[in-house]
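Tertiary structure, described
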Amino acid sequence: MITIIFNMRGWRLMNKKKRRSQQAAPSILHKSMDYAYIIMGSIVVAIAFNVFLLPNEVASGGISGISTILNNVFGWRPSLVQILFNVPLFIAGLIFLGFQFGIKTAIGSFFLPLAVYLTEGWEPWTEDPLLGALFGGIGVGIGIGIVFRGKASTGGTDLAAQIIHKYSGLGLGTCVALIDGLIVLSAAVVFDIERGLYAMIGLYVTSKTIDLVQIGFGRSKMIYIITNRQEEISHAIFEEVDRGVTKLSAQGGYTDHERPILMCVIDQTEFTKLKQAIRKIDPNAFVIVSDASEVLGEGFKRS
């Protein structure tokens, strides 16, 4: 009996160690991927800056926009300007906002100027400022989106916006818009109005591309159905569309009667099939359709 108990304890200890090692492996892999995202994203931003934005004098916000302006006015190297701005801003972030940025944001703040330095000798890919603004904005947006996927940032004016947000009471989005707006305005003054307009285009394209990288190309639909034939429609959705249905408690505002609402999330390719199934059962059903940018869970993305 003593031997059996000892063996059972040993077996449990071995199982615990095995589970810990299995949990540690994905954790190390995820952390490694985060750092890879930061490095890859910074390289993409640096290339887009050097081949599209800088040669076409498109200062579309951020530290990169400031470095473009100072390069034109004083001839200062953009990589040097970016590191000189990023270091004090990162230190200020630690002082005023605390240590929540961690090592990842530090890597992003310092590696991006290095990547700009390593790619600054590349030939421009276009001399058309409109193409430079569009594709430069796309490139920077892809790069920053990749860095965000690594749960980090490239520092710069984002840190300045967070500091202003904390001590001014202004919304964070407003602070970011104010700083980028000042940079774009400075570009219009230093270069010309046309270059300022190109900078606005680049800034807009960057913000939209970041959203696209974060959310992805997939678009799902969220459907709300109000009907007197709930069970039949629920069954049709299960059988014909192969999707789940959630019943939400609701009460009619005019009648005060209980009337549950059916909620269903589907892929956009399944919408026509769902609509036909509802129409066949209850042509008078009240259906509300809205976009769901990202859906996580069974039948959709896992993470």
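Residues numbered from 1 in each chain as written. Predicted model: local features only at pLDDT ≥ 70, side-chain atom pairs only at ≥ 80, totals over all residues. Heavy atoms only, no water.

**Examining the packing of helix H9 (residues 230-241) against helix H10 (residues 271-281)**
Definition in use: Here an axis means a line fitted to C-alpha atoms, over the contact stretch when the element is a helix, while the angle between two N-to-C directions is reported on a 0 to 180 degree scale. Counting from the N terminus, the helices are the DSSP runs of H or I reaching at least four residues and the strands are the DSSP runs of E reaching at least two. Here a crossing is called left-handed whenever its near helix is offset anticlockwise from the far helix by less than a right angle, and right-handed whenever the offset is clockwise. Every residue pair with non-hydrogen atoms within 4.5 Å of one another is taken to be in contact. Under the convention adopted here, Pro, Cys and the residues Ala, Val, Leu, Ile, Met, Phe, Trp and Tyr are nonpolar, Asp, Glu, Lys and Arg are charged, and Gly plus all remaining residues are polar.
Between H9 and H10, the least distance of the axes is 10 Å, while the angle of their chain directions is 145°. Crossing of H9 over H10 shows right-handed handedness. On H10, the residues touching Glu232, Ile233, Ala236, Ile237, Glu240 and Val241 of H9 are Lys273, Leu274, Ala277, Ile278, Lys280 and Ile281. A per-class count over the contact of H9 with H10 returns eight nonpolar, no polar and four charged.

**Focus on the packing of helix H5 (residues 129-149) against helix H8 (residues 193-215)**
Look at H5 against H8: their axes get within 7 Å of each other, and the N-to-C directions meet at 35°. As for how H5 packs across H8, the hand of that crossing is right-handed. Its residues placed into classes, the contact of H5 with H8 shows 15 nonpolar, seven polar and two charged.

**Describing unusual backbone geometry**
We apply this condition: Categorising residues by exposure relies on relative accessible area from a 1.4 Å probe, with only protein chains included: less than 20% of the type maximum marks a residue as buried, more than 50% marks it as exposed, and the intermediate range marks it as partly exposed.
Despite not being glycine, Glu57 shows a phi value in the positive range, around 55°. Of note, Glu57 is situated in the loop between helix H1 (2-53) and helix H2 (62-74). Overall, Glu57 belongs to the partly exposed group, its relative accessible area being 26%. Positive phi, close to 60°, is recorded for Asp242, a residue that is not glycine. Mapping Asp242 onto the fold places it in the loop between H9 and strand S2 (246-248). Owing to a relative accessible area of 64%, Asp242 belongs among the exposed residues under this scheme.

**Some points on the side chain of Glu270**
So the rule is basically this: Pairs of N or O atoms are called polar contacts if they sit within 3.5 Å, as long as, within protein, a hydrogen donor faces a hydrogen acceptor (for residues adjacent in sequence, only side-chain-to-side-chain pairs).
With respect to the helices and strands, Glu270 occurs in the loop between strand S3 (261-267) and H10. Here Arg243 takes part through its side chain, which lies 2.9 Å from a polar atom of the side chain of Glu270. Contacts of Glu270, omitting those with residues within four sequence positions, involve Val241 and Arg243.

**Re the packing of aromatic side chains**
Let me state the cut-off plainly: The criterion for an aromatic pair is that two Phe, Tyr or Trp rings (for Trp, the six-membered ring) have centres within 6.5 Å, with stacked assigned to planes under 30 degrees apart, edge-to-face to planes over 60 apart and tilted to the rest.
Throughout the structure, instances matching the rule amount to four aromatic pairs. Here a set of aromatic residues connected by ring pairs shows up, and it is made of Phe52, Trp125 and Phe135.

**Details of the confidence of the model for the protein chain**
To be explicit about the condition: Known as pLDDT, the predictor's per-residue confidence is scaled from 0 to 100.
Taken as a whole, the protein chain shows an average pLDDT of 83; of its residues, 84% reach a score of 70 or greater. The low-confidence segment residues 1-8 (pLDDT under 50) makes zero contacts with residues lying over four places distant or belonging to another chain. Contacts for the low-pLDDT stretch residues 21-25, under 50 throughout, to residues beyond four places or in other chains number zero contacts.

**Examining the sheet that holds strand S4 (residues 286-292)**
Our working definition: Pairing between strands is defined by DSSP: at least two bridges between them are needed.
Ordered by their spatial adjacency, four strands build an open sheet running S2-S3-S1-S4, and the pairing between neighbours is antiparallel. Two strands in the sheet have a free side with no partner beyond their single neighbour: S2 and S4. Strand after strand, the sheet turns through a mean of 25° between neighbouring axes, direction not considered. With three bridges connecting them, S2 and S3 associate as antiparallel partners. By the bridge assignment for S3, Leu248 is matched with Ile261. Docked against the sheet, H9 engages strand S1 (220-226), S2 and S3, running at close to 15° with respect to S3.

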